[in-house]
Amino acid sequence: MLNSSLKQMSAALRAKEISSVELTTLYLERIAAHNPTLNAYVTTDAAISLGQAKAADELLAKGKAQPLTGIPVAQKDIFCAKGWRTTCGSRMLSDFIAPYDAHVIEQFNHAGAVNLGKTNMDEFAMGSSNETSYFGPVRNPWNQNAVPGGSSGGAASAVAARLCAAATGTDTGGSIRQPAALCGITGIKPTYGTVSRYGMIAFASSLDQAGPMARSAEDCALMLNVMTGFDERDSTSLPREKEDYARDLNLPLSGLRIGLPKEFFAEGLSPDVAARVEGAIAEYRKLGAVTVDISLPNSRLAVPVYYVLAPAEASSNLSRYDGVRYGYRAPEYADLSDMYEKSRAQGFGAEVKRRIMIGTYVLSHGYYDAYYLQAQKIRRLIAQDFADAFKQCDVIMGPTSPSTAFSLGEKNDDPVQMYLSDIYTIAVNLAGLPGMSVPCGFDGNGMPAGLQIIGNYFEEARMLNIAHQYQLATDWHSRSPVKETP
Ligand code: GLN
């Protein structure tokens, strides 16, 4: 069952070959056995999960099941879930019990899915290695001395280690795609505004977007079907009809025009990853696609632009954590402003403080024009580069990450090296485009590499089709770091 697709699991549940309570118990046992080493989950609550599984079994018995009814899904600990501790990987929220459900959580509840637990993440989703979490680093199931990527590292590790059927993640600059690549799984960040941000703890609101992380493109399509939908409580939620993201999975790829940006294959890309990505592109040619050389001239500015804009938005979003109504409050303080200072000094970790300081600086009088405004203008140019590219091609492909998973601790002392982990993913967020990562092979040390697929706005169904056809022709996505077969 652990290697079955969501569709197969759903069929087994309907055929009463297994109950949701049994399936949930199987995963809870695996979490109990492996989470002490992997640290992929911050919180589990067997009573809640099994209660939801029981309710799902009743729906199944009545013949009222939807595609994900009874399926155990892991939720990134950035989504508020009523009655669940929701920490966002921070000491600031380490005791926070959410009083309401995020829209994403509501959608999974309506679908009858089981919430298996809350996954570990970089603090406030700031990081590329899961090492900024207050709850300690997550380990990569392919090599426990390697990072799983971040910020959705717990989700990626849990999916790869078969500690859940599928998971949710969020992606502000690459946090779904980069950990998906480093853990050998599939993940998609949809077009900005497709999934509601209501109840999703804010990092950089103009970039944050939730999406699924799973073992295949087909599984991602079923997850995305549940997650999307207009929500008036998020002012940037797009008023579009619900669509079936699995509808085009089986279309042939003949004539598909794949754009290869020269900037994505230049200096800085590990030869191992380059070789795997080129191998994937060769496979696409066999499937009938043609390649077109393109250029995204402003993409080299994406990382610096992001590290002005994302901290600017974060400094504003994180000003709400003042120790007054909820969140961490310092035990001892002299007066009100001392209480604010000490609560924030003790409640936030080093990376979060660094971002708040950068953000406050670039927004301050005298620097706003030089940094923030300038970055906004370049953001526009980056989006224009993609618009020009999509006149020549249907999708863009390249590496997801410049290297495979690096060692724990390797980039901790050098924030800029860490920031460069997202060099190929960040421009997609700045433009608001959909992007995904698909496993495309392994390096010499047996660590997975990811192929990035970037589509035009609202092309998710087409991208999932493109990924699915590749996954029918190859088996990289079904390789598993789990040796035992329970
Ligand atoms: N690694 C990037 C950062 O640290 C992106 C994180 C994300 O997408 N949430 O900001």
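Per-chain numbering applies: the sequence of each chain, read as written, is numbered from 1 onward. This being a predicted model, a pLDDT of at least 70 is required before a residue's local features are given, and a value of 80 or more before pairs of side-chain atoms are given or counted; all residues contribute to the totals for chains, interfaces and linings. Derived side-chain values reflect all non-hydrogen atoms in the structure, with water molecules and hydrogen atoms excluded from consideration.

Draft legend 1. Main features of the environment of Val-352. Helix and strand labels come from DSSP, where a helix needs a run of H or I of at least four residues and a strand needs a run of E of at least two; each type is numbered from the N terminus. Structurally, the position occupied by Val-352 is in helix α11 (residues 350-362). We call a residue buried when its accessible area falls under 20% of the maximum for its residue type, exposed when it is over 50%, and partly exposed in between, using a 1.4 Å probe and counting protein chains only. The class for Val-352 is buried, based on a relative accessible area of 0%. Along the chain, Val-352 and Tyr-371 lie 19 residues apart, while their C-alpha atoms are 20 Å from each other. Two residues qualify as a contact provided that any one of their heavy atoms is within 4.5 Å of a heavy atom in the partner residue. Beyond its immediate chain neighbours, meaning those up to four positions away, Val-352 contacts Glu-123, Phe-124, Met-126 and Leu-318.

Draft legend 2. Examining the packing of helix α4 (residues 103-110) against helix α7 (residues 217-227) more closely. Relative to each other, α4 and α7 sit at 110 degrees, their axes nearing to 8 Å. Taken together, the axis directions place α4 and α7 in an arrangement best described as roughly perpendicular. The residues of α7 that touch α4, namely those facing Val-104, Gln-107 and Phe-108, are Met-223, Val-226 and Met-227. Residues belonging to the contact of α4 with α7 are distributed by class as follows: five nonpolar, one polar and no charged. The convention used is that axes are lines fitted to C-alpha atoms, helices contributing only their stretch in contact, and that angles between N-to-C directions extend from 0 to 180 degrees. Roughly parallel means an angle under 35 degrees; roughly antiparallel, over 145; roughly perpendicular, 65 to 115; everything else is oblique. Under the scheme applied here, ten amino acids are nonpolar (Ala, Val, Leu, Ile, Met, Phe, Trp, Tyr, Cys and Pro), four are charged (Asp, Glu, Lys and Arg), and all others, including Gly, are polar.

Draft legend 3. Structural context of the pairing of strand β3 (residues 114-119). Within β3, six of the six residues are buried, which leaves it mostly tucked inside the rest of the structure. Whether two strands pair comes down to DSSP finding at least two bridges between them. Pairing of strand β2 (residues 72-76) with β3, which is carried by five bridges, proceeds in the parallel orientation. The residue bridging Gln-75 from the neighbouring strand is Lys-118, located in β3. Taking the sense of rotation as the criterion, the β-α-β connection linking β2, α4 and β3 turns out right-handed. Seen with its strands pointing away from the viewer, a crossover is right-handed when the path leading from the first strand over the helix to the second is clockwise.

Draft legend 4. Geometry of the packing of aromatic side chains. Centres within 6.5 Å are what make two rings of Phe, Tyr or Trp a pair, Trp counting through its six-membered ring; a difference in plane orientation under 30 degrees is then read as stacked, over 60 as edge-to-face, and the rest as tilted. For the structure on display, the rule yields 17 aromatic pairs. Seen from their ring centres, Phe-96 and Tyr-326 are 5.4 Å apart, and the 40 degrees between their planes marks the pair as tilted. Here Phe-96, found in the loop between β2 and α4, pairs with Tyr-326, found in the loop between α9 (302-317) and α10 (336-347); they are 230 residues apart in sequence, far enough to count as distant. We classify Phe-96 as buried; its relative accessible area is 16%. Among the aromatic residues, those joined into a cluster by ring pairs are Phe-96, Phe-124, Tyr-321, Tyr-326 and Phe-348. Should the NZ of a Lys or the CZ of an Arg lie within 6 Å of a ring centre and within 35 degrees of the ring normal, that charge is described as sitting over the ring. Positioned over the ring face of Tyr-198 is Arg-233, at 3.9 Å from the centre of the ring. Positioned above the aromatic ring of Phe-458 is the side chain of Arg-240, whose terminal nitrogen or guanidinium carbon lies 3.6 Å from the ring centre.

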